[in-house]
Amino acid sequence: MWHLIRKLGVVGVGAALLIAPSVGAGAAEKRPGTRYDPGVTDTEIVIGNTNPYSGPASAYGIVGQAEAAYFRMINDQGGVNGRKIRFLSYDDAYSPPKTVEQTRKLVENDNVLFVFSSIGTGPSLAVQKYMNQRKVPQVFVASGSSKWGDPRNFPWSIGMQVPFLVEGRVFGKYLAANYPNAKIGVLFQHDDMGKELLQGLREGLGARAGQIVVEAPAEVTDPTVDAQLVKIRAADVDVFVNFTSPRAAAQAMKKIAEIGWKPLHLVTKVSTSNATVMKPVGYANVQGVVSATYQKEWGDPQWKDDPGMKAYDAFMEKYMPGVDKGNSLALAGYMSAEALVSVLRQAGDDLTRANIMKQVANLKNVQNSVALPGIFYNTGPDDFFPLEQLRMVRFTDNRWVGFGPIVSGELDAKAASGK
């Protein structure tokens, strides 16, 4: 089954990961006392997703594959409140116009109850207004943009990741406290992701923001980041901050090793996968790279007997055989799917779109099984940022090792609306 899922996920735009047999929405009698919207019957919940299974950001495709596998596991266990999950995941190649096309198909043709965990800031922003006009939930968007925490203007959209602003602030505070005199160079993706990370870095540095002496933007479609690295290195910086997606981040790591440059290297969490970034670059080339995370690290001895990580290990063995368990993007998909199943269980038999959003906005100290201890999901009617905590990590030998305390950083609706 996994081989079929993997094949379907990468056929191209329009291909879908189909989990559980299809039962037409509205085909079954409603149970007494239940409330449904499109995409729900007594036996099924239909959920939509867009993911870059192809194109420059295809490394993220493993997130959708892990989510599909997780829902298959849930279906094998009997589903959620007696209903199987049908997960329709379409390839958008990380292209906003394709995201619009595929999302409209999910909403208008497939009649999904909601769209879940669609990948990317730019692609997901391209459909944010559409989803809110249609009053279709855009749940746990796989993006750290603060624009997913704006319930006043976009009450049907909520993110999942720690906001990029928070991550940037954490990096800035770390550098201000530990490298107060360093010259800093920044490579950033020229989109909302990179710009918000850079803004957060400046905020975290505070009075020391002037230590940033060079900033080099990179488009996600750029074939390499060599030119940007030449510019940054020429500025004679002590610290290199890398705010790009996995492909460009890996290119930068390789190039730095090739030229024998040895700055302190910080990289955004979305580009820290051991399996798809660090290992392919070569462990000898990434020693000492620093990042921040909210997840446990597979293979870390401290989690050897941890119930959550043992369950994840068993899941990977059965539902994603052959996939590297150390792929943090697979773990991210597992984590998001687990959070969604908790929301669906909390919603019970009131499976209306309005109640889905009500439940997503009512998470109180929810502990995910693969999140670091002390990190919880918390939301409210005016707080659409589920996760706002991180811990610094350093790549040592062949894995990420945590250091220092868990750092919290709260945002409000003003940050999301830009006011």
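Check the entry above for the structure.
Residues numbered from 1 in each chain as written. Predicted model: local features only at pLDDT ≥ 70, side-chain atom pairs only at ≥ 80, totals over all residues. Heavy atoms only, no water.

**Some details on the overall build of the protein chain**
The test is simple: A run of DSSP states H or I qualifies as a helix once it reaches four residues; a run of E qualifies as a strand once it reaches two. Both are numbered from the N-terminal end. Contact definition: two residues touch when any of their heavy atoms are within 4.5 Å. To be clear on the numbers: accessible area is Shrake-Rupley with a 1.4 Å probe, and residue cover counts the displayed protein chains and nothing else.
A tally of regular secondary structure across the protein chain gives 14 helices and 15 strands. For the protein chain, long-range pairs separated by at least 24 residues make up 69% of all intrachain contacts whose partners lie at least 6 apart in sequence. Taken as a whole, the protein chain presents about 16000 Å² of accessible surface, with 51% of it coming from carbon and sulfur.

**Thoughts on the nonpolar core**
So the rule is basically this: In plain words, nonpolar cores are sets of buried Ala, Val, Leu, Ile, Met, Phe, Trp, Tyr and Cys residues tied together by side-chain atoms within 4.5 Å. For every residue, the accessible area (1.4 Å probe, protein chains only) is compared with the maximum for its type, and the residue is labelled buried under 20%, exposed over 50%, or partly exposed between those bounds.
Ranked by internal contacts, the top residues of the largest apolar core, which has 92 residues, are Phe140, Leu175, Leu201, Phe315 and Leu344. It is helix H12 (residues 328-347) that contributes the most residues to this core, twelve residues altogether. Among residues more than four places away in sequence, those in contact with leucine 344 are Ile45, Ile47, Val80, Asn81, Ile85, Phe114, Leu351 and Ile356. By size, the runner-up hydrophobic cluster in this structure holds 13 residues, among which are Leu229, Phe240, Ala248 and Ala252.

**Quick notes on the environment of isoleucine 375**
Inspection of the secondary structure puts isoleucine 375 in the loop between helix H13 (353-360) and strand E14 (389-396). Take isoleucine 375: its relative accessible area is 1%, and that puts it in the buried class. In the structure, isoleucine 375 is positioned 33 residues away from serine 408 in sequence and 9.1 Å away in space, judged by C-alpha atoms.

**Digging into the pattern of salt bridges**
As a reminder of what qualifies: What counts as a salt bridge is simple: a side-chain nitrogen of Lys or Arg found within 4 Å of a carboxyl oxygen of Asp or Glu.
In the structure shown here, the tally under the stated rule is 15 salt bridges. In this structure, the salt-bridge partner of glutamate 101 is lysine 98, at a minimum N-O distance of 3.7 Å. Of this pair, glutamate 101 and lysine 98 are both found in helix H3 (residues 96-109), three residues apart, which corresponds to roughly one turn of the helix. Owing to a relative accessible area of 43%, glutamate 101 belongs among the partly exposed residues under this scheme. The exposure class assigned to lysine 98 is partly exposed, which follows from its relative accessible area of 32%.

**Some words on helix H8 (residues 226-234)**
Residues spaced three or four apart along an α-helix point in a common direction, a consequence of the helix completing one turn every 3.6 residues. The cut-off we apply is this: Within this analysis, the arc is defined by the directions that extend from the helix axis to the C-beta atoms.
Within H8 the residues assigned to the buried category are Gln228, Leu229 and Ile232. Considered in projection along H8, the buried side chains sweep an arc of 100° and stay on one side of the axis. The outward face of H8, more than 90 degrees from its buried face, is lined by the exposed residues Ala227, Val230 and Ala234. Buried residues along H8 sit in contact with strand E8 (184-189), strand E9 (212-218), strand E10 (239-243) and helix H9 (246-258).

**Comments concerning the pairing of strand E4 (residues 84-91)**
Counted only if it meets this: Whether two strands pair depends on DSSP finding at least two bridges between them.
With respect to burial, E4 is a largely interior element, seven of its eight residues being buried. Two elements, strand E3 (residues 44-51) and E4, share eight bridges in a ladder whose sense is parallel. Its bridge partner being in E4, valine 46 is matched across the sheet by arginine 86.

**Things to note about unusual backbone geometry**
A positive phi angle is found at asparagine 365, which is not glycine, with a value near 50°. Within the secondary structure layout, asparagine 365 lies in the loop between H13 and E14. In this structure asparagine 365 comes out as exposed when scored by relative accessible area, which is 52%. Despite not being glycine, aspartate 397 has its phi angle at roughly 60°, a positive value. The residue aspartate 397 is located in the loop between E14 and strand E15 (399-408) in this model.

**Observations concerning the environment of methionine 253**
Looking at the secondary structure, you find methionine 253 in helix H9. Classification of methionine 253 as buried rests on a relative accessible area of 2%. Residues methionine 253 and valine 281, spaced 28 residues apart in sequence, show a C-alpha to C-alpha distance of 6.8 Å. Contacts of methionine 253, omitting those with residues within four sequence positions, involve His265, Val267, Ser271, Val277, Met278, Val281 and Val286.

**Brief notes about the packing of aromatic side chains**
Put simply, the test is: Note on aromatic pairs: the rings of Phe, Tyr and Trp (six-membered ring only in Trp) are paired at centre separations within 6.5 Å, and the planes decide the class, stacked below 30 degrees, edge-to-face beyond 60, tilted for the rest.
Counted by the stated rule, this structure contains 17 aromatic pairs. The interplanar angle of 85° and the centroid separation of 6.5 Å between the aromatic rings of tyrosine 70 and phenylalanine 71 together place this pair among those described as edge-to-face. An identical accessibility class is assigned to tyrosine 70 and phenylalanine 71; each is buried. For the pair phenylalanine 71 and phenylalanine 87, a centre-to-centre distance of 5.1 Å together with 65° between the ring planes defines the contact as edge-to-face.

**A few points about the side chain of serine 117**
Note the following rule: Pairing of N or O atoms within 3.5 Å defines a polar contact, subject to two protein rules: one partner must be a possible hydrogen donor and the other a possible acceptor, and residues neighboring in sequence count only if both atoms are side-chain atoms.
Structurally, serine 117 can be placed in the loop between strand E5 (114-116) and helix H4 (121-125). Take serine 117: its relative accessible area is 1%, and that puts it in the buried class. A polar contact of 2.6 Å, which involves the side chain of serine 117, links it to the side chain of glutamate 67.

**A closer look at the pairing of strand E11 (residues 264-267)**
Where we set the bar: The handedness rule is simple: strands pointing away from the viewer, and a clockwise path from the first strand over the helix to the second, make the crossover right-handed.
The alternating pattern of E11 places Leu264 and Leu266 and His265 and Val267 on opposite faces, both of which are buried. Across four bridges, the pairing between E10 and E11 is parallel. Each bridged residue has a counterpart across the sheet, and for asparagine 242 the counterpart in E11 is valine 267. Remark: the E10/H9/E11 crossover connection has right-handed handedness.

**Comments concerning the packing of helix H11 (residues 307-319) against H12**
This is how the line gets drawn: Lines are fitted to the C-alpha atoms to define the axes, a helix being fitted only along its stretch in contact, and any angle between axes, read from their N-to-C directions, falls within 0 to 180 degrees. Throughout this description, any angle smaller than 35 degrees is read as roughly parallel, any larger than 145 degrees as roughly antiparallel, any in the 65 to 115 degree range as roughly perpendicular, and the remainder as oblique.
Packing of H11 against H12 brings their axes to within 12 Å, and their N-to-C directions diverge by 105°. Between H11 and H12, the interaxial angle falls into the category roughly perpendicular. Across the interface between the two elements, Gly308, Ala311, Tyr312, Phe315 and Met316 from H11 touch Ala330, Leu331 and Tyr334 from H12.

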